Amino acid sequence: MAPRKNIFRPISINANPSDVPRPRRIPSLRSTFMFSLLFGALYALAPTVWAEVSSNIQLAALGNKLTSNGTATPYSMNVTDCPGYTLGSFEESDIGLTARLTLAGPACNAFGLDISDLTIEVTYQSQSTLHVKIYDTANQQFTIPESVIERPAAPTTSYTGSSDLIFNYDAMPFAFWITRRSDPDAMPLFDTRISSLPPTPIPPFNTSDSSTAFDGFPLVFEDQYLQVASALPYGTNIYGLGEVIASSGFRRDIGTDGGVGTIQTHWARDVADPIDQNMYGSHPIYVEHRYNATTGKASSSGVLLLSSAGSDIFLQTPSNSKVSLIEYRMIGGILDFYFFSGSTDAEVIAQYGSVIGYPMWQPAWGFGFHLCRWGYHNISDDRENVAQMRAAGIPLEVQWNDIDLYHAYRDFTTDPVSFPGDELREFIQELAANHQHYIPIVDAGIAVTYDPFTRGVEEDVWIKNPDGSLYMGQVWPGYTVYPDWFSENMLSVWTDSLKNWTDMGVEFSGIWLDMNEPSSFCSDSCGTGANFSALAPLSVAGTVVTGYPECYNETIWGPSGNMTINGTATHSCAASSSAMTVIDKRGVGAGGEQGVNLNSPPYAIHNAIGALNRNTLATNATHYGGYVELDVHNMFGFMEAKTTNLAVQSILPGKRPFLIGRSTFPSAGKWTGHWLGDNYSKWQYMYLNIQGVLQFQIYQIPMVGADTCGFNDNTDEELCNRWMQLSAFVPFYRNHNTYAALPQEPYRWPSVANASRIAIAARYALLPYWYTLFANASMAGLPPVRALFYEFPDEPELFTVDRQWLVGSDVLVTPVLTPGATTVDGIFPGRGSVIWRDWYTHAVVNATSGGNTTLDAPISHINVHIRDNSALLLHQEPGYTIYETREGPYALLISLNAAGTAFGTAYVDDGISFPPGPSSSLTFQVAEGTLKVESEGEYVIQQKLETITVLGVQKPTQVTFQGSPCEGWTYEKATEELVVLNASIDLNRQFTLAWK
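Quick notes on the rules
Residues numbered from 1 in each chain as written. Predicted model: local features only at pLDDT ≥ 70, side-chain atom pairs only at ≥ 80, totals over all residues. Heavy atoms only, no water. Helix = DSSP H or I, 4+ residues; strand = E, 2+ residues; numbered from the N terminus. Contact = heavy atoms within 4.5 Å. Buried < 20%, exposed > 50% of the residue type's maximum accessible area, 1.4 Å probe, protein only. Pairing = 2+ DSSP bridges. Expected span 1.5 Å × (residues − 1). Arc of directions from axis to C-beta. Phe/Tyr/Trp six-rings, centres within 6.5 Å; stacked < 30°, edge-to-face > 60°. Polar contact = N/O pair within 3.5 Å; in protein donor to acceptor, adjacent residues only side chain to side chain. Disulfide = S-S within 2.5 Å. Salt bridge = Lys/Arg side-chain N within 4 Å of Asp/Glu carboxyl O. Core = buried A, V, L, I, M, F, W, Y, C linked by side-chain atoms within 4.5 Å. pLDDT = per-residue confidence, 0-100. Axes fitted to C-alpha atoms, helices over the stretch in contact; angles between N-to-C directions. Parallel < 35°, antiparallel > 145°, perpendicular 65-115°, else oblique. Left-handed = near helix turned anticlockwise from the far one by under 90°. Nonpolar A, V, L, I, M, F, W, Y, C, P; charged D, E, K, R; others polar.

Examining the side chain of T212
Alright, step 1. Here T212 lies in the loop between strand 10 (190-191) and strand 11 (220-221).
Alright, step 2. In contact with T212, other than residues within four places in its own chain, are P203, P204, F205, N206, I263, F314 and H606.

Written as structure tokens, this is what we have:
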């Protein structure tokens, strides 16, 4: 779609700020059930709801379109007769080739007008990355600007003859396929040839949805519809293509082994954590883990389609087909593919990061425990929570505030009664004096009639209607405008708004970005022309939250959520029950509604809520530079994160920003972390958050986690106990719940407090390991959290495992995910070739080779095991805060393999400087009874290494340090454990420890 001329103009704003009502305390409305109720009321309040008037009217019901000269062109709504393209003249270079593609026959105009002239550019980006870009030669289709996402520069070295990936093509009809130089006889990694795909037509696999048919697989490139398909090995393993909570688990359903296949829709949407639907973010990247049953070996590859267009991506295996397939159906943009050769899963993820950018550097304090509650409280309650946490001995690093912080739910304000600025400043400074931190929320919609709004009007930074008037939706404070992140003045307005907030007392350490899909509680520009003061901030005071976790019956046991009452267990399910009930799914999206093409493209993607403008911006909303919302919708949250990160850098100079956002897109990890949205206080959702954490490692957004104990509904003691343990071993660790729900701070129940103390102590001890993993992510794109098969790629029994995970390569986590359980089954990778040792006792696990092992799991205990051949730098004395913990001494835990070797590294710096300042890297290596430690770098490590523990050692007769006898050591025969105490070793120099 051609960028439109900038038709912005300022408008007069005359509303009186005094007309805005005083704030009310309201319960959670984040679930989308409220949207339909609000929609009708808003139309009554705003009878002049905006509707685009355009000469380019689509009569969707008739399948007609008016071309530029006013003649009607019927769409066929079917790709059967689409001719594909012919490869014409091309030019080769040292880095690839450029060629012309021409429509191979009469235009089919399936869901738009065929574009006759295309250009294909093939670039061998590196040894492991190949870029294939197909675009309209006239450059009228939307392409993501380089200013938004910076892409790799053209290579200065030629890889055309050495890259592991090879671009192959047929000229007529044009098709291409990607093969590996290292495995030329294998099935291509990506193959668009019609002969490689199943014969068509293929009937709908969802009989109630005709769009699930495959009428044909030609390359289609139209102004409103693009299509390309590739054959995949039958039943191969696909991961990614989110954001999604997939009922199939971390491994996507490809339509084999009883599956029904996948339709993954990419259209950012505010919805409370649905299953198998589009939700907050868009990440059109997948990792394929391909296993050869004949050789018993696996390889990995990846494919990114860098596009912000709304789209459906199908994974399917038609009946009687010998291959599976992936098909992309897009409603705009271009085909901008990157292929990654791996060959391991972690390498694929790293190669993807090299294209879209590695994750931001995290401050050390961000790995602490975070606490937030929405509603029914004020600053005194926050103070009380902080005091209760300390009294219970539960570490607390960061206090957060939700939207009840605001005055009338307006961004960059504080409620003058509940959170007066001076008292809030005093509270935040008290936290800072204790080396704790504070994070407030920022919503995407900006209320009309107050200073940030009027300043934005002056600077022309709000999204517009096509006629240049302000686009106005509705969110918590009433009518709102939306920041236009493409505006050249947006960064300064946003920075000033955040800076003014700090001057008012909100001296934040980080920012929480919510509602940035972006969300609107109405559809279309419902506030344009309306009386701004007619719509008050939302209020449903008196709402009672009634839901509880599976197996807790509140009609019998009351609202306490206690695990036992008068000595009797309250759960009503058998201990062996999985309690994983399936949440009802919404049907696939409805067909296109009548309207102009921008608002109802002829191909209706499967947006689960229906029309593309439902509960978000209308697709004809206009941005600076002439961009329209249809093309850039999926990037809103990512662009807000980028702008906010840059603003925070200027407000907190020299410090690493800490951001957590909801809506994300490729490259978002350079600017923000992510929480997994408005989940539910259900055992099912505790399990489901594991796949979310694993997905976002692929997406290069590793700082991720769920609302611990659940957000929506009420939690109970047992669920919160288990969830506090689980979340201690994922990157982002925050307890947060909804308005009016049962309080769930971890001190509320003694068993939860106990579980929290144990789990947080382990987390803080492991902080140097976590910190090193994230340094490797920021420097090289390697995932800190890993599926088991990443490390053990040739063990097919691991390909679907998503109830366990690895922290790095060396720490295996096996949580309890069912109520009433006192044991848990887990698989120990390695098929007997790896020694796994218990984190707490150091005992070797007698594991079943290739199958499940049953482990004891009493309440407040989560099973954690250490892999052999590992060396982990730890904090010896976990403290109440990350600062206290980092000020204490180090310990070193070494787990030897059967050959007596181990290896590990650690990255150390001050934990806060931005950009990263001086650092030191430590290397730990054990062989033949000798530990060698090397230190390299400019950062001076003040803390000493006090304790060294070596597991898997036969009782030594002598221990030496730097060649001299070492007296301060002990040995435990049962765990083959050598411990050197009070070593006081300087980690800024090399040293050796040996035992005989």
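Let's talk about the pairing of strand 12 (residues 226-233)
Alright, step 1. Within strand 12, eight of the eight residues are buried, leaving the element largely enclosed by the surrounding structure.
Alright, step 2. With two bridges joining them, strand 11 and strand 12 adopt antiparallel strand pairing. The partner of F221 across the bridge, within strand 12, is L226.
Alright, step 3. What sits between strand 11 and strand 12 in their antiparallel hairpin is a turn of four residues.
Alright, step 4. Pairing between strand 12 and strand 18 (residues 323-330): eight bridges, direction antiparallel. The residue of strand 18 that forms the bridge with P233 is V323.

A closer look at helix 4 (residues 421-433)
Alright, step 1. With 13 residues, helix 4 should reach 18 Å at 1.5 Å per residue; the first-to-last C-alpha distance of 18 Å fits that figure.
Alright, step 2. All of the buried residues along helix 4 are G421, L424, F427, I428 and L431. The arc that holds the buried residues of helix 4, viewed along the axis, is 125°, so those residues lie on one side. Facing away from the buried side of helix 4 by over 90 degrees, the exposed positions are D422 and A433.
Alright, step 3. On its buried face, helix 4 is in contact with helix 3 (379-391), strand 21 (398-401) and strand 22 (437-443).
Alright, step 4. Within two residues after helix 4, H435 carries a phi angle of roughly 60°, on the positive side.

Brief notes about the packing of aromatic side chains
Alright, step 1. Applying the stated criterion to the full structure yields 53 aromatic pairs.
Alright, step 2. For the pair F190 and F337, a centre-to-centre distance of 5.3 Å together with 50° between the ring planes defines the contact as tilted. You can see F190 sitting in strand 10 and its partner F337 sitting in strand 19 (residues 335-340), a full 147 residues away along the chain.
Alright, step 3. You can call F190 buried: its relative accessible area is 0%.
Alright, step 4. Taking 4.9 Å as the distance between ring centres and 40° as the angle between the ring planes, the aromatic pair formed by Y239 and F250 counts as tilted. With Y239 in strand 13 (residues 237-242) and F250 in the loop between strand 13 and strand 14 (262-266), the pair connects residues that are 11 residues apart, well separated along the chain. Of the two residues, Y239 and F250, both sit in the buried class.

Comments concerning the sheet that holds strand 11
Alright, step 1. Here we have five strands laid out as an open sheet, ordered 11-12-18-17-14, and antiparallel in their pairing. Of all the strands in the sheet, just strand 11 and strand 14 have a single pairing partner and so form its edges.
Alright, step 2. With six bridges connecting them, strand 17 (residues 311-316) and strand 18 associate as antiparallel partners. By the bridge assignment, I313 is partnered in strand 18 with Y328.

Quick word on the side chain of T570
Alright, step 1. Structurally, T570 is set in the loop between strand 28 (568-569) and strand 29 (595-596).
Alright, step 2. Within the structure, the side chain of T570 is placed 2.8 Å from the backbone oxygen of N562, a separation counted as a polar contact.
Alright, step 3. Filtering out sequence-adjacent residues up to four positions away, T570 remains in contact with C551, Y552, W557, N562, M563, T564 and I565.

With respect to the state of the cysteines
Alright, step 1. Summed over the entire model, instances satisfying the criterion amount to three disulfides.
Alright, step 2. Two residues share a disulfide in this structure: C709 and C720, whose sulfurs sit 2.1 Å from each other. Torsion about the S-S bond of the C709 and C720 cystine: about 75°, corresponding to right-handed handedness. Here the residue C709 occupies a position in the loop between strand 33 (707-708) and helix 11 (717-727), and C720 occupies one in helix 11, the gap between them amounting to 11 residues.
Alright, step 3. Here C709 falls in the buried class, since its relative accessible area comes to 0%.
Alright, step 4. On the basis of relative accessible area, C720 is assigned to the buried category, the value being 0%.

Some points on the sheet that holds strand 41 (residues 863-867)
Alright, step 1. Ordered by their spatial adjacency, five strands build an open sheet running 35-36-37-41-39, and the pairing between neighbours is antiparallel. The two strands at the open ends of the sheet, each matched to only one other strand, are strand 35 (785-786) and strand 39 (836-838).
Alright, step 2. Pairing of strand 37 (residues 811-814) with strand 41 involves four bridges; the strand directions are antiparallel. Note that in strand 41 the partner of L812 across the bridge is H865.

Digging into the pattern of salt bridges
Alright, step 1. Going through the model one piece at a time under the given rule, you end up with 22 salt bridges.
Alright, step 2. A salt bridge links R455 to D496; the shortest N-O distance between them is 2.8 Å. On the criterion of sequence distance, the pair formed by R455 in helix 5 (residues 451-459) and D496 in helix 6 (residues 490-503) is long-range, its members being 41 residues apart.
Alright, step 3. In this structure, R786 engages E791 in a salt bridge whose closest nitrogen and oxygen atoms are separated by 2.9 Å.
Alright, step 4. On the basis of relative accessible area, R786 is assigned to the buried category, the value being 12%.
Alright, step 5. Each of D270, D514, E517, R662 and D678 takes part in a single network of salt bridges with overlapping partners.

Focus: the pairing of strand 44 (residues 902-908)
As a general feature of sheets, a regular strand has side chains that alternate between the two faces.
Alright, step 1. Burial of strand 44 is extensive: five of the seven residues sit out of reach of the surface.
Alright, step 2. Of the pairings in the sheet, the one linking strand 44 to strand 45 (residues 920-927) comprises seven bridges and is antiparallel in character. In the sheet register, A906 faces strand 45, and the bridge partner there is L922.

Some remarks on the nonpolar core
Alright, step 1. F453, L498, M635 and W805 are the most contacted members of the largest nonpolar core, which totals 197 residues.
Alright, step 2. Of all the elements, helix 10 (residues 683-698) adds the most residues to this core, at 10 residues.
Alright, step 3. A99, L232, L241 and V303 belong to the second largest nonpolar core, which has 43 residues in total.

A closer look at the confidence of the model for the chain
Alright, step 1. Residue-level pLDDT values for the chain average 90, and 89% of them are 70 or greater.
Alright, step 2. Across residues 575-596, confidence stays below pLDDT 50; counting only partners more than four residues off in sequence or on other chains, it has 52 contacts.

As for the packing of helix 3 against helix 4
Alright, step 1. It is the contact of helix 3 with helix 4, at a shortest axis distance of 10 Å, that shows an interaxial angle of 15°. Judged by the inter-axis angle, helix 3 sits roughly parallel to helix 4. Every pair of crossing elements has a handedness; the one defined by helix 3 and helix 4 is left-handed. Contact residues: helix 3 offers I379, D382, R383 and V386, while helix 4 offers E423, L424, E426, F427, E430 and L431.
Alright, step 2. Taken together, the residues that form the contact of helix 3 with helix 4 break down as five nonpolar, no polar and five charged.

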